[in-house]
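# Examination of the molecular architecture
This is what each chain is made of:
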Amino acid sequence: MLRIEDITDRICSYIQGPDIPLINRAYIFSAKVHKGQTRASGEPYLTHPLEVAGILTQMKLDEITVASGLLHDTAEDTLTTIEEIKGLFGQEVAFIVDGLSKISQISFESREAEQAENYRKMILAIAKDIRVILIKLADRLHNMRTLYYLDPESKKRIAQETMDIYAPFANRLGMARIKSELEDLSFKYLEPDAYEDIVKKVEETNKIRSKIIEEAIRIVSEELKKFGINSTVYGRPKHIYSTYQKMIRKGIPYDQIFDQMGIRIITKDVKDCYAAVGVIHSLWRHVPGEFDDYIATPKPNMYQSLHTVVIGPSVQPLEFQIRTEEMNRTAEEGIAAHWRYKEKEKLESKYDKKLVWLRQLMEYVQELKDPNEFLQMMKVDLFQDEVFVFTPKGEVKGLPQNATPVDFAYSVHTDVGNHCLGAKVNGKIVPLNYKLKTSDVVEILTSANHKPSRDWLKFVKSPKAIQKIKHWLKLEEMQRSLSLGKEILDKEARNYGINYNKLYHKGMLKQAARIFFYQNIDELIADIGYGKISAKQVIHGILPKEKLKAEKEPSVVQKAVRKIVERSVHGIKIKGADDVLIRFAKCCNPVPGDRICGFITRGKGITVHRADCPNAKSISLGSERQIEVNWDTKNHSPYSVGLIVISEDRPGLLAAITTTISNQKVNIISASVNTTEYQTATSKFVIEITDIDHLTRIINSIRRISGILQVSRIR
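Bear in mind that the values here come from a model prediction, so they are computed numbers and not experimental data.

Within the protein, the regular secondary structure consists of 30 helices and 20 strands. Across the protein, contacts joining residues at least 24 apart in sequence account for 66% of those joining residues at least 6 apart. Summed over its atoms, the accessible surface of the protein is roughly 36,400 Å², and 50% of this surface lies on carbon and sulfur atoms.

See below:
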């Protein structure tokens with residue numbers, strides 16, 4: 001069991017004059033409030049906060065973080081309050097412990113809307129103080145190390161959550177050591193057979209591999225000394241899950257994984273890193289296509305290193321990673337290696353750029369209100385595989401796998417994306433949906449008159465591009481709807497001897513916005529243009545009764561239109577609106593009982609589709625147009641629907657079908673029959689039904705007729 005003295009000794013090794021009394025007070029308090037509590041293993045609960053604090057000292061974090069680690073479960077698992085922690089240990093410690101308690105209460109198994117809100121809470125807690133996630137990762141790492149003692153269901157649930165949430169966060173923070181251990185431990189419980197298979201293969205080849213690595217280390221160390229390159233050379237540990245991923249991704253067996261045998265070389269400076277690569281390539285034959293320069297093009301999570309694979313001793317592939325001491329610290333500890341809270345230094349700008357992804361997540365928290373959209377953006381940004389491309393000036397941009405020039409344009413600047421006209425990749429013109437590859441040099445061609453297209457949403461991959469395109473389209477649609485809404489309202493107002501300008505200047509539109517629960521006049525007018533609310537509703541809500549009586553007699557054409565509107569609206573309820581023009585989509589012809597969705601068509605009201613209609617799914621890319629609609633269950637008016645019946649071609653069968661339909665008290669609007677040379681007949685009917693259950697009964701009754709091969713609804 002780790003002792004508090006071990007923790008304080010470690011802190012003294014990397015902090016000059018640390019606040020040891022704070023650590024000791026936190027330890028004593030934690031021991032007091034957790035007294036009598038035990039873990040699933042039977043050990044005293046205090047072993048857990050001590051181990052968490054120990055992991056934090058391995059990251060070389062400050063006393064505030066270590067003290068918070070000792071106290072991280074006190075507010076959640078004991079009667080201790082945050083106010084009590086604040087009084088005893090100060091505002092900083094209390095804030096961190098409070099953030100950790102809130103994250104511990106988050107469930108990532110809930111439905112999407114709740115899950116999105118939980119992610120929001122987590123990101124807000126992390127963004128306010130990055131130490132919250134550092135402690136949470138240490139907490140999760142120790143829990144995963146002791147997962148063995150839990151029941152099988154809990155093991156799998158916690159392992160899956162770790163693989164889905166915490167390992168990706170560690171990766172984004174550049175904490176390779178913790179990320180790899182979390183993945184290996186999760187893999188062990190999620191895929192035990194695959195895990196054991198790889199472990200067995202590693203053990204089987206361990207002796208041979210160790211000899212090859214030892215021989216390679218001896219040879220390369222001697223050669224580096226000859227060239228005056230001061231370095232440390234050692235074999236690097238292999239991670240089970242990363243090996244498994246490569247086997248799956250490349251579709252190859254274990255023995256064909258190049259980097260199963262790895263050596264790491266740590267040099268004094270960058271110049272020696274490149275010199276070391278030259279030495280290695282002079283000793284052994286380089287494997288083509290297996291060289292990566294992450295020093296010149298660092299990964300967004302701060303990782304820098306040179307990777308090369310050679311055919312080493314015993315004619316076996318051997319991977320080398322070459323980096324400086326600072327790069328190695330960053331690769332292992334990531335953001336934790338750069339933390340400088342004790343001295344209260346401002347984070348250097350170079351370091352600040354590494355957290356651009358976290359700032360982007362904060363933008364999503366603030367701007368995206370739709371939970372499904374936020375969840376999609378967050379997951380893409382957190383879990384994406386990346387390609388690394390260059391600007392013409394040599395700046396590196398990390399983009400999601402299969403990103404396009406449009407994604408690149410928005411990564412440069414929103415205005416560049418909004419005015420993107422075309423693109424050159426490696427000097428050649430390419431289409432805007434071209435899939436970028438690592439090392440591509442991308443140049444964007446712009447025009448002040450060019451604007452984003454809704455079609456771009458079909459191929460862009462980066463959350464920023466998706467968000468900015470949707471934002472621009474929404475603003476453009478808003479402007480069009482404002483213009484149309486003013487025109488519609490003005491025409492309606494003139495029926496009562498008034499116009500739009502008078503309504504505005506007399507403050508009547510402000511009054512209307514309040515009556516119909518809009519935040520401002522623009523929102524009200526735009527919704528009139530969208531068709532969400534009718535101009536007549538607004539006029540009737542604000543004009544006095546005597547004015548309403550003065551409405552002009554509608555023309556013959558207007559009367560006809562109103563009849564169409566009334567007939568269309570019948571049978572559908574719209575959330576938050578009535579007296580709105582409704583049309584049923586001809587592509588899917590929904591009937592009561594079908595799951596439906598509504599889309600606003602500017603100036604034409606609402607079009608109702610079946611939820612599974614392909615056209616509705618394509619429209620949903622612009623989700624701001626969608627509106628909630630439901631069937632009015634009190635309505636029993638007939639609806640037209642098409643049926644197709646395939647049957648044997650025999651006398652009397654058509655009569656049998658029509659009689660069966662009529663017996664179901666159904667009106668047949670039209671019927672047609674075509675026969676084929678294969679003695680089959682295809683009959684098409686348009687009938688009137690009341691709901692989907694009525695249609696099901698009709699179809700089932702037709703199927704019972706002898707000689708019927710197939711009956712289906714015409715979609």
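Taken together, the side chains of E191, D193, E196, E203 and E204 define an acidic patch exposed on the protein surface. Following the sequence through the fold, E204 ends up in helix α12 (residues 192-226).

Our next topic: the packing of aromatic side chains. Using the criterion set out here, one finds 8 aromatic pairs in the structure. Here the aromatic rings of Y148 and Y149 are separated by 5.5 Å at their centres, their planes lie at 85 degrees, and the arrangement is edge-to-face. Overall, Y149 belongs to the partly exposed group, its relative accessible area being 46%. Ring centres of F187 and Y195 lie 5.9 Å apart, and the angle between their planes is 75 degrees; on these two criteria the pair is classed as edge-to-face. Residue Y195 is classed as buried on the basis of its relative accessible area of 15%. By the ring-pair criterion, three or more aromatic residues cluster together here, those being F187, Y195, Y241 and Y244.

With that settled, the discussion passes to helix α10 (residues 152-172). Between its first and last C-alpha atoms α10 spans 29 Å; for 21 residues at 1.5 Å apiece the expected length is 30 Å, and the two agree. Along α10, the sharpest change in direction is near 40 degrees and occurs at T162. G174 lies just past α10 and shows a positive phi near 75 degrees.

A few words on the side chain of T660. Secondary-structure assignment places T660 in helix α29 (residues 653-663). Of the polar contacts made by the side chain of T660, one reaches the backbone oxygen of A656; its length is 2.8 Å. Apart from residues lying up to four places away in sequence, T660 is in contact with S701, I702 and I705.

Among soluble globular proteins, nonpolar side chains are generally buried collectively. Core analysis: the biggest nonpolar cluster contains 67 residues, and I7, L137 and M175 have the highest contact counts within it. In this structure L137 touches Y166, A170, L173, M175, I178 and L182, once residues within four positions along its chain are discounted. Membership of the second largest hydrophobic core comes to 28 residues, among which are I582, I606, L695 and I705.

It is worth spelling out the sheet that holds strand β20 (residues 708-713) at this point. Strand-to-strand pairing in sheets goes through backbone hydrogen bonds, with the strands running parallel or antiparallel. Taking strand neighbours across the sheet as the criterion, the 4 strands line up as β18-β19-β17-β20 in an open arrangement whose pairing is antiparallel. Each edge of the open sheet carries a strand with a single partner, namely β18 (667-675) and β20. Across this sheet, the average inter-strand angle for adjacent strands is 15 degrees, counted without regard to direction. Here strand β17 (residues 639-648) runs beside strand β19 (residues 680-689); their pairing, made up of 10 bridges, is antiparallel. Across the sheet, residue I646 finds its bridge partner in β19, namely T682.

Let us look at unusual backbone geometry. Positioned with a positive phi, N426 is a non-glycine residue whose angle comes to about 55 degrees. As for its position among the elements, N426 is in the loop between β8 (420-425) and β9 (428-430). Classification of N426 as partly exposed rests on a relative accessible area of 47%.

For the rest of this paragraph, the subject is the environment of S305. Structurally, the position occupied by S305 is in the loop between β3 (285-293) and β4 (306-311). We classify S305 as buried; its relative accessible area is 0%. The spatial distance from the C-alpha of S305 to the C-alpha of A331 is 8.4 Å, given a sequence separation of 26 residues. Each residue touching S305, except ones within four places of it in the same chain, is listed here: D292, D293, Y294, I295, Q321, I322 and R323. Of note is the side chain of S305, whose polar atom sits 3.3 Å from the side chain of R323.

Rules used in this analysis
Residues numbered from 1 in each chain as written. Predicted model: local features only at pLDDT ≥ 70, side-chain atom pairs only at ≥ 80, totals over all residues. Heavy atoms only, no water. Helix = DSSP H or I, 4+ residues; strand = E, 2+ residues; numbered from the N terminus. Contact = heavy atoms within 4.5 Å. Areas by Shrake-Rupley, 256 points an atom, 1.4 Å probe, with all protein chains shown as cover. Patch = residues over 30% accessible without salt bridge, like charges linked within 9 Å, V, L, I, M, F, W, Y side chains within 5 Å. Salt bridge = Lys/Arg side-chain N within 4 Å of Asp/Glu carboxyl O. Lys, Arg positive; Asp, Glu negative; His and termini not counted. Charge placed at Lys NZ, Arg CZ, Asp CG, Glu CD. Phe/Tyr/Trp six-rings, centres within 6.5 Å; stacked < 30°, edge-to-face > 60°. Buried < 20%, exposed > 50% of the residue type's maximum accessible area, 1.4 Å probe, protein only. Expected span 1.5 Å × (residues − 1). Bend = angle between axes of the 7 residues up to and from the residue. Polar contact = N/O pair within 3.5 Å; in protein donor to acceptor, adjacent residues only side chain to side chain. Core = buried A, V, L, I, M, F, W, Y, C linked by side-chain atoms within 4.5 Å. Pairing = 2+ DSSP bridges. Axes fitted to C-alpha atoms, helices over the stretch in contact; angles between N-to-C directions.

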